[in-house]
Amino acid sequence: MARADLVIRSRRVVTQQGIAPAALAISGGVITAIRDYDAAPDALRHLDAGDAVLLPGVVDTHVHVNEPGRTEWEGFETVTRAAAAGGVTTIVDMPLNSLPVTTTVAALELKARAAAGRAAVDYGFWGGVVPGNGAELAPLARAGALGFKCFLVPSGIDEFPAVGEGDLRSAMTRIAALELPLLVHAELPGPIARAAPVPGSDPRRYAGYLASRPPAAELEAVDLVLRLCRETGCRVHIVHVSAASTLERLRAARRAGLPVTAETCPHYLTFASEEILDGATAWKCAPPIREREVRERLWQGLADGALDLVASDHSPAPPALKCLETGDFVRAWGGVASLELALSATWTGARARGHDLRDIARWLAERPARLAGLAAKGRLAPGGDADVVVFDPDAQFTADPARLRQRHPITPYAGMTLAGVVRRTFVRGTCVYEEGERGTQGIGRRVR
Ligand SMILES: [Zn+2]
């Protein structure tokens, strides 16, 4: 065997076969072989991670980068630096909240230009479905969009309006022909309108915000999407599932053989509405974080396959828009920024419930890569990209917003003790993060 560029070995390497000692041989950015720990091939450089675990790099399919146009919220440099520090080696950017939104080929090209040469990790793009852009979907797919995203309720920004049933049906027919997935923000306006708070109620109360976006909004949206999935054959992916009632529908859809997948997010798996203080708008997201009992049902959904994967839904905004001072849940921007903490937060909750690192690899790497059609990503296997995280699952740290690499130091995880420390992150064999170091910027490439 020719001399490898790099060998990384550890007593605990997480592959699809299990967790075992092994040595990864890496050349040209690709894993060329996986050998026994004691039979590492000859290489220019060697890294022995010892008892630290080698995990496949996290693939986060739900990231709002916001550049171009809202780079003061978050941009490619900051977000990918946060990604690298959090063990995330590929992000897929949502078609909003950048300006322009990614609903045309011209906008996709602007995005690609904004990211080029500035990302620390690999990145791809979802396109957007909005009323009237049906003719753009095939060109967007040809230009490299990995799939599409739509909203069924107002998205929070005017440039990305929601679609109704008619637009949705025609978009799903087109997307089915393109053999790409449609990602759906599953909340319908009807149940939200019926739950509107009485005028004069205190906008600082979390219970008020929670009641304003009831589980029925998610359930009715999922029912609509599943009906159109059956009708059109379009692959659908439900983003950020928050409600327990949704899980039964997803299980039934799977039993019926529908091409449906679903995700939840670290914040729904970590927090519970009973613990969120009034005025604590860092916790505001849509759909909202629900009760403790729902959180446990979401974990059950991951365990039994009703939910396929975990994605961060990293959606930052400047402090003023989060209304931190007034604590106004009605006016605050809905979004939690957690890209850098997603792996550790999910591991913290998973470990406490008896899951292991193979589950983490499946939920955070393998299945998101499959959703986005990234065959070279998401697992440690010969022929795959050498996207590797050196992870110490037994170490702990306290989440400190000031040390996060995202643009704004706002996070509901502030002060929490989390398990699992990222020691190093490799993207295609290049170290893009080493604990305590600034890391390498600019080697990230677009995936398509
Ligand atoms: Zn989102």
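Structure: see above.
Asks: Is there a simple way to think about the overall build of the chain in this case?
Replies: Each helix and strand counted, the chain has 12 helices and 17 strands in total. What you see for the chain is a C-alpha radius of gyration of 21 Å, in line with the 22 Å of a compact globule of 448 residues. On the principal axes, the C-alpha backbone points of the chain span a range of 70 × 45 × 45 Å. Looking at the 448 residues of the chain, the share that counts as buried comes to 61%. Considering only contacts within the chain whose residues lie at least 6 apart along the sequence, 75% involve residues at least 24 apart. Summed over its atoms, the accessible surface of the chain is roughly 16300 Å², and 50% of this surface lies on carbon and sulfur atoms. Here the chain contributes 51 positively and 51 negatively charged side chains, and the mean placements of these two sets differ by 2 Å.

Asks: Would you mind going over the sheet that holds strand β10 (residues 148-151) with me for this structure?
Replies: Pairing between the strands of a sheet is mediated by backbone hydrogen bonds and can be parallel or antiparallel. On the basis of which strands lie adjacent, the open sheet formed by six strands has the order β9-β10-β11-β12-β13-β14 and parallel pairing. Each edge of the open sheet carries a strand with a single partner, namely β9 (127-128) and β14 (309-310). Along the sheet face, helix α7 (residues 215-232) touches β11 (181-185), β12 (235-238) and β13 (260-264) and points at about 165° away from the line of β12.

Asks: Can you help me understand the sheet that holds strand β7 (residues 88-93) in this one?
Replies: One open sheet holds the three strands; their spatial order is β6-β7-β8, and the pairing between them is parallel. Strand pairing shows two members of the sheet lacking a second neighbour, β6 (58-63) and β8 (122-125), which therefore form its edges. Looking at each pair of strands side by side, their axes are set apart by 20° on average, direction ignored. When β6 meets β7, the two strands line up parallel, connected through four bridges. Bridge pairing links V59 to T90 in β7. Set on the sheet, helix α1 (residues 76-85) makes contact with β6, β7 and β8; between it and β7 the angle comes to about 140°. Sitting on the sheet, helix α2 (residues 105-115) touches β7 and β8, and the angle it makes with β8 is about 170°.

Asks: So what exactly am I meant to see when it comes to the side chain of D93 here?
Replies: Inspection of the secondary structure puts D93 in strand β7. A distance of 3.0 Å separates the side chain of D93 from the backbone nitrogen of V65, its partner in a polar contact. Looking at D93, its side chain comes within polar contact range of the side chain of K111, at 2.4 Å. Excluding residues that lie within four positions of it along the chain, D93 makes contacts with V63, H64, V65, N66, K111, G124, F125 and W126.

Asks: I tried to follow the nonpolar core on my own but got confused; where do I start?
Replies: Soluble globular proteins: nonpolar side chains tend toward being buried together. L55, I91, L152, L168 and L182 are the most contacted members of the largest nonpolar core, which has 104 residues in total. For this core, the element with the most residues is α7, which contributes seven residues. Sequence-distant contacts of L182, that is, excluding residues within four places in its chain, are made with V129, F148, K149, C150, L168, M172, I175, C234, R235, V236 and H237. Listed in part, the 16 residues of the second largest apolar core include L6, V13, L47 and V388.

Cut-off values and rules
Residues numbered from 1 in each chain as written. Predicted model: local features only at pLDDT ≥ 70, side-chain atom pairs only at ≥ 80, totals over all residues. Heavy atoms only, no water. Helix = DSSP H or I, 4+ residues; strand = E, 2+ residues; numbered from the N terminus. Rg over C-alpha atoms; globule rule 2.2 N^0.38 Å. Buried < 20%, exposed > 50% of the residue type's maximum accessible area, 1.4 Å probe, protein only. Contact = heavy atoms within 4.5 Å. Areas by Shrake-Rupley, 256 points an atom, 1.4 Å probe, with all protein chains shown as cover. Lys, Arg positive; Asp, Glu negative; His and termini not counted. Charge placed at Lys NZ, Arg CZ, Asp CG, Glu CD. Pairing = 2+ DSSP bridges. Axes fitted to C-alpha atoms, helices over the stretch in contact; angles between N-to-C directions. Polar contact = N/O pair within 3.5 Å; in protein donor to acceptor, adjacent residues only side chain to side chain. Core = buried A, V, L, I, M, F, W, Y, C linked by side-chain atoms within 4.5 Å.

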